[in-house]
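Close look at the chain arrangement
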Protein chains: 2
Amino acid sequence: MSRMTDTRAALAAFSALSQETRLEAFRLLVKAEPEGLPAGEIARRLDVPQNTMSAHLSTLTGSGLVLSRREGRSIIYRADLTAMRGLTAFLLEDCCRLDRETSAPALACLAAAGCETDKNGAC
Amino acid sequence: MSRMTDTRAALAAFSALSQETRLEAFRLLVKAEPEGLPAGEIARRLDVPQNTMSAHLSTLTGSGLVLSRREGRSIIYRADLTAMRGLTAFLLEDCCRLDRETSAPALACLAAAGCETDKNGAC
DNA sequence: TCGATATATCCAGATATATGGAAATATAAT
DNA sequence: ATTATATTTCCATATATCTGGATATATCGA
């Protein structure tokens, strides 16, 4: 399920990214791939109280754009590039009116253009 | 200025697309390219009161994703595919960490993959 | 077990957004 | 001029979101 199948997921993703702190956090996490970052570190870097940041991270996680795992006392957050790719595909299918069959190679094309690839070869 | 240069524009765009009625309206407008649709028609198709729709269209216009022009008594709304492309590029630069120079051909690549092209050959 | 660290949850006030009735504006036709 | 049409603006209410203090939970080390 790497594709944003319904509007629901897209709405959640857009909503998550429509808040400054969350957008910054997400960009931070994308840059921090694939290691990810602990919640406290994110809060510190963005200079936001930890509980406020925690609420935002929860929103990001709920939107599907971010994943988390516990590691000792820390909780490590990671950007979910697959979901990100899905959101981009959703946008492309609207913007460029690409259908599913066409957008798949289009995304592969982006991968070829230099972006990070996962095990499936997509960006 | 076809590129989403700062976070401001991206935030406004994400915010505009994070509401169901607006997302539907935007998708409708993308499909209606390049003719566009009058406000009333959009309201009718989405079954939303015209003043409510007007407020949403105003938000979309303010975000830069949608353009409008008066035509007689009607006001015709159109999706701004250039802005749309900018938003996609913003996403790609985060997701795939493409820089400006790389994302340009990547977008052209998408155009080649079958999407609509404008006079500059981008999708 | 106790204290320290990392994070989440609870809660409430502040702020922003969504919604739609009523009235205003702009254009067109008669 | 008057009336009909298309849309916006005004305004108030309802709803959702943001924020951060206080507190709870979970894990680790001594």
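Scroll up for the structure.
Residues numbered from 1 in each chain as written. Chains lettered and ligands numbered in written order. Predicted model: local features only at pLDDT ≥ 70, side-chain atom pairs only at ≥ 80, totals over all residues. Heavy atoms only, no water.

Among the 19 residues in the neighbourhood of DNA strand C, the closest are listed as Gly40, Ser54 and Tyr77 of chain A together with Asn51 and His56 of chain B. Between a phosphate oxygen of DNA strand C and a main-chain N or O atom of Gly40 of chain A, the distance comes to 2.7 Å. Taking Ser74 of chain A, its side chain carries an N or O atom lying 3.5 Å from a sugar or linking oxygen of DNA strand C. Where the surface near DNA strand C is concerned, the elements lending two or more residues are helix H3 (39-46), helix H4 (50-63) and strand S3 (74-79) of chain A together with helix H4 (50-63) of chain B. Among the residues forming the surface near DNA strand C, the class breakdown is five nonpolar, 10 polar and four charged. (Near = heavy atom within 4 Å. Polar contact = N/O pair within 3.5 Å; in protein donor to acceptor, adjacent residues only side chain to side chain. Helix = DSSP H or I, 4+ residues; strand = E, 2+ residues; numbered from the N terminus. Nonpolar A, V, L, I, M, F, W, Y, C, P; charged D, E, K, R; others polar.)

Not every one of the 19 residues close to DNA strand D is listed here, only the nearest: Asn51 and His56 of chain A together with Gly40, Gln50 and Tyr77 of chain B. Backbone atoms, meaning sugar and phosphate, make up 61% of the atoms of DNA strand D lying within 4 Å of the protein. Between DNA strand D and Gln19 of chain A there is a distance of 3.3 Å, counted from a phosphate oxygen to a side-chain nitrogen or oxygen. Note that a phosphate oxygen of DNA strand D is positioned 2.8 Å from one of the side-chain N or O atoms of Ser54 of chain B. Among the elements of the structure, H4 of chain A together with helix H3 (39-46), H4 and strand S3 (74-79) of chain B are those that each provide at least two residues to the surface near DNA strand D.

Another point: the sheet that holds strand S2 (residues 66-71) of chain B. Residues and elements named next belong to chain B. Here three strands make up an open sheet; going across it, the order is S1-S3-S2 and the pairing antiparallel. The strands lining the two open edges of the sheet, one partner per strand, are strand S1 (37-38) and S2. Inspection of the sheet shows S2 paired to S3 by six bridges, in the antiparallel sense. Across the sheet, Ser68 pairs through a bridge with Tyr77, a residue of S3. Contacts from helix H2 (residues 20-31) reach S1, S2 and S3, with the element oriented near 85° to S3. (Pairing = 2+ DSSP bridges. Contact = heavy atoms within 4.5 Å. Axes fitted to C-alpha atoms, helices over the stretch in contact; angles between N-to-C directions.)

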